[in-house]
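What the coordinates show
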Amino acid sequence: MREYAIRRLAGAAVVVALVSIIVFILMHLLPGDALLTKLGETGRIPEDQMDELRAKMGIDDPLYVQYFRWVGDIFDGSMGESLIYDGREVSGRIMDAAPVTLELGLLAMAAAMVIGVPLGVIAAIRQDGPIDYLCQAIALTGLSVPSFLIGLLVIIYGTLHFGYRPPREYIGLTEDPIGNLKQMAIPVLILGYGLAASIMRMTRSTVLETLRQDYTRTARAKGLAARVVVWRHVLRNALIPVVTMAGNQAAFILSGALIIEILFIMPGLGQLTYTAIIQRDYTQVQGNALVVAAIVVLVNLVVDLSYGLIDPRIRYG
Amino acid sequence: MSAIASDLPRVIDTGLRPRNRRLLSLARRKPLAAGAGLVLVVVCVVALFAPVLAPFDPNEVQLGSRLLSPSSEHWLGTDEFGRDVLSRIMHGARVSLAAGLGAAGLGTAAGVVFGLLGGYIGGFVDLAIQRVMDALMALPPIILLMVLATVLSPSLQNVVFAIAIFVMPSASRVVRGAVLAEKEMVYVLAAQSIGASPKRVMVRHVLPNTMAPIIILASIAVGSAIIIEAALGFLGLSVRPPAATWGTMLNTGAQTYMEQAPWLAVAPGLAIGVTVFSINLLGDGLRDILDPRLRGSRG
């Protein structure tokens, strides 16, 4: 187990390093350089002064030098400086934004579990009945209609008919927990729906499979009530792949959260990245992409390692 | 002699009929999937013949008829520039389908190549490919695509390329897994022992046996590619206006005028929803037929 954990940890580190290289190269494929971005359209200055400034910013060094300087910045915790906001460290802005995204993502994941698992179990027990078909239709709709579209429609029809107003100003969790949760509810449900759809489908199919196992028949045969069999014997076994799948959805949850943030004007990583891209604040985009990818890698790692705790049959080779 | 001659047409007939019959029995066994297929055929026809079928020029600005609600003349109303929404939806279908099919095709093809190479060769090549794919997968699609869309200028070609990069890693993973399983089969050993080159073994023997998961994956990828193109358009990072795409239609007028003209969001929204729903339904049907073990699940 320990050896496996170390090997996976090393693998994860390699992946994060590769992500940093990919992101770095991508950002340097862009036309123009950091100085031009910083000066903007209006701030034209003589050519020789520009060269001097470039040397000062270090952007006339070879790419690999710049890359390792960035890596150095990552390890000293600043991740470089924002190109647009003078003196603001990239990491500081990320720390301000990350809690919003993490809260949104975690709550959506919880909501998706609470909705998806019971619906999946009910659909499996009532296989091929009207309830099953209804659940499947709901799930397929959740997979087919993107969350930003549902969000947009909720905002439109909520405003027109139900007196709902998307919040103008974000209330932090620490200033006013109840106000914050109220504000989060609708974005969380919208984001959770798409996720609940895939959890429901996965639960349905694993429960169906488990229902046909010998131990399920044994449990029924020894006289246990159907409800006890389902909740104690079937669900326990069926949930293992569901948990893995849900954990592996981290990248998609974050993706969804980013768009929902932009739609509902929440100051999370999505909003920050989007603004940084529009403003061409490359160091910020670079840092955000790396942090988000690192979160995804970390979540996947934790899921992989906890797999053995949930399912004692699994041995790490 | 004459008996044989009179038999001839029947021989030709029976050559054709099983296929028709198979289609029919498919429709009977999977009526939903067949219905979804029909919807998709209609969407494709509309996309192909949009210039002929569309009642108006999708980009013609008519400031006299701004934000008209749906009527017998403008079935889906008009937008903030007086452009006919139905015509824009029909033309938008071209971009969405091109992005969906193009990106899914390109991404799956690239994934197949890498998965096949990694799975068959193994060793360091495999490890290197896998880690790069892991890295691409760790970047949430929207971030990856926002970055790519900024680096590349927003033309249809580049949007397709960007989405294909997102599709590639999962295709590569699935193919690699299938190849690892197939590699142990006796027929591979047989092919190798009669002196077939590695390339021949891979392309002629292993690849055809991994087609089922590839087809399933590609069909699902078309749906997610369409959604992602719409998301990019919604963020204003897809093909540049005035070109109509379903996502861009949601970005521009839909948000500004949502209270006076909700159809601006509903129409492209329905187009996306119905198309992707049909693709997923068809994908489910394909999966049930090609791979009964995976019934009802979504890897």
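Residues numbered from 1 in each chain as written. Chains lettered and ligands numbered in written order. Predicted model: local features only at pLDDT ≥ 70, side-chain atom pairs only at ≥ 80, totals over all residues. Heavy atoms only, no water.

Turning next to the overall build of chain A. What chain A contains, in helices and strands, is 13 helices and zero strands. When the helices and strands of chain A are listed from N to C terminus, the series reads α-α-α-α-α-α-α-α-α-α-α-α-α. Across the 317 residues in chain A, those meeting the buried criterion constitute 48%. Pairs at least 24 apart in sequence give 72% of the contacts found in chain A among residues at least 6 apart. Within the structure as shown, chain A displays about 16100 Å² of accessible surface, and the carbon and sulfur contribution to it stands at 64%. (Helix = DSSP H or I, 4+ residues; strand = E, 2+ residues; numbered from the N terminus. Buried < 20%, exposed > 50% of the residue type's maximum accessible area, 1.4 Å probe, protein only. Contact = heavy atoms within 4.5 Å. Areas by Shrake-Rupley, 256 points an atom, 1.4 Å probe, with all protein chains shown as cover.)

Residues and elements named next belong to chain A. Taken N-terminus to C-terminus, the directions of helix α7 (residues 147-161) and helix α11 (residues 250-263) make an angle of 25 degrees; their axes are 9 Å apart at the nearest point. Between α7 and α11, the angle is such that the two are roughly parallel. Here α7 and α11 pass one another in a crossing that is right-handed. Of the residues in α11, those touching α7 at Ser-147, Phe-148, Gly-151, Leu-152 and Ile-155 are Ile-259, Ile-260 and Leu-263. (Axes fitted to C-alpha atoms, helices over the stretch in contact; angles between N-to-C directions. Parallel < 35°, antiparallel > 145°, perpendicular 65-115°, else oblique. Left-handed = near helix turned anticlockwise from the far one by under 90°.)

Another point: the domain arrangement of chain A. Accessible area lost upon the coming together of the parts is a frequently used measure of interface size. Residues and elements named next belong to chain A. Each assigned domain of chain A is listed with its residue range as follows: domain 1 (2-90) and domain 2 (95-310). For domain 1 and domain 2, the distance between their C-alpha centroids amounts to 33 Å. Counting residues at the interface gives 25 residues for domain 1 and 20 residues for domain 2. Summed over both sides, the interface of domain 1 with domain 2 buries roughly 2000 Å², with 70% coming from carbon and sulfur. When residues of domain 1 are sorted by the area they lose upon contact with domain 2, Arg-8, Met-27 and Val-90 head the list and together hold 24% of the total. (Domains from an automatic or database assignment. Buried area = accessible area lost by both parts, 1.4 Å probe.)

Let us now look at the interface of chain B and chain A. Tallying the contact residues gives 43 residues for chain B and 51 residues for chain A. Linking chain B with chain A are one salt bridge. For the side of chain B that touches chain A, the secondary-structure elements that each account for two or more residues are α5 (123-138), α6 (141-151), α10 (211-234) and α13 (263-290) of chain B. Considering each element in turn, the side of chain B that touches chain A owes the most residues, eleven residues, to α13 of chain B. (Salt bridge = Lys/Arg side-chain N within 4 Å of Asp/Glu carboxyl O.)

Moving on to unusual backbone geometry. Backbone geometry places Asp-128 of chain A, a non-glycine residue, at a positive phi of 65 degrees. The residue Asp-128 of chain A is located in the loop between α5 (90-125) and α6 (130-144) in this model.

Let's shift gears to the pattern of salt bridges. Residue and element names in this part refer to chain A. Within the structure shown, the criterion is met by six salt bridges over all chains. A salt bridge links Arg-204 to Asp-132, with the shortest nitrogen-to-oxygen separation between them at 2.8 Å. Of this pair, Arg-204 sits in helix α8 (residues 177-211) while Asp-132 sits in helix α6, and the two are 72 residues apart along the sequence. The same class applies to Arg-204 as to Asp-132, namely buried.

A word on helix α4 (residues 63-75) of chain A. Residue and element names in this part refer to chain A. In this model α4 runs 19 Å from its N-terminal to its C-terminal C-alpha over 13 residues, within 8% of the 18 Å that 1.5 Å per residue would give. Among the residues making up α4, those that are buried are Gln-66, Tyr-67, Trp-70 and Val-71. An end-on view of α4 places all buried positions within 145 degrees of arc, on one side of the element. Within α4, the exposed residues directed more than 90 degrees away from the buried face are Phe-68 and Phe-75. With its phi angle positive at about 95 degrees, Gly-77 sits one or two positions after the end of α4. (Expected span 1.5 Å × (residues − 1). Arc of directions from axis to C-beta.)

All names here are of chain B. Close contact between helix α4 (residues 85-121) and helix α9 (residues 198-209) brings their axes to 11 Å; oriented N to C, the two are set at 115 degrees. Classified by the angle their axes make, α4 and α9 are roughly perpendicular. Note on packing geometry: the crossing formed by α4 with α9 is right-handed. Contacts between α4 and α9 involve Val-112, Leu-116, Leu-117 and Tyr-120 from the first element and Pro-198, Val-201, Met-202, Val-206 and Leu-207 from the second. Here the residues of the contact of α4 with α9 are counted per class, giving nine nonpolar, no polar and no charged. (Nonpolar A, V, L, I, M, F, W, Y, C, P; charged D, E, K, R; others polar.)

In this section: the packing of aromatic side chains. Taken as a whole and assessed by the stated rule, the structure comprises six aromatic pairs over all chains. Taken together, the ring pairs in this structure connect Phe-24, Tyr-67, Phe-68 and Trp-70 of chain A into an aromatic cluster. (Phe/Tyr/Trp six-rings, centres within 6.5 Å; stacked < 30°, edge-to-face > 60°.)

All names here are of chain B. A contiguous nonpolar patch, built from Val-41, Val-45, Leu-48, Phe-49, Val-52 and Leu-53 and spanning about 580 Å² of accessible area, is present on the exposed surface. Secondary-structure elements contributing two or more residues to the nonpolar patch are α2 (31-48) and α3 (50-53). Among the elements that make up the nonpolar patch, the one with the highest residue count is α2 (three residues). Relative to the elements of secondary structure, Val-41 occurs in helix α2. (Patch = residues over 30% accessible without salt bridge, like charges linked within 9 Å, V, L, I, M, F, W, Y side chains within 5 Å.)

Let us now look at the confidence of the model for chain B. All names here are of chain B. For chain B, the mean per-residue pLDDT works out to 79, and 86% of the residues sit at or above 70. When pLDDT is averaged over each helix and strand of chain B, the minimum, 54, is found for helix α1 (residues 2-29) and the maximum, 89, for α4. In this model, residues 294-299 is a region of pLDDT below 50 whose contacts with residues beyond four sequence positions or in other chains number 18 contacts. Complex prediction metrics read pTM 0.82 and ipTM 0.79. (pLDDT = per-residue confidence, 0-100.)

Residue and element names in this part refer to chain B. Inspection of the secondary structure puts Glu-229 in helix α10. Buried charge without a salt bridge: Glu-229, with Arg-88 as the nearest opposite-charge side chain at an N-O distance of 11 Å. Ignoring sequence-local partners within four residues, the contact set of Glu-229 consists of Val-95, Ser-96, Ala-99, Val-159, Ile-163, Ser-238 and Thr-245. (Lys, Arg positive; Asp, Glu negative; His and termini not counted.)

With that settled, consider the environment of Val-113 of chain B. Turning to its location among the elements, Val-113 of chain B is positioned in helix α4. Taking C-alpha positions, Val-113 of chain B is 7.5 Å from Ser-172 of chain B, a pair spaced 59 residues apart along the chain.

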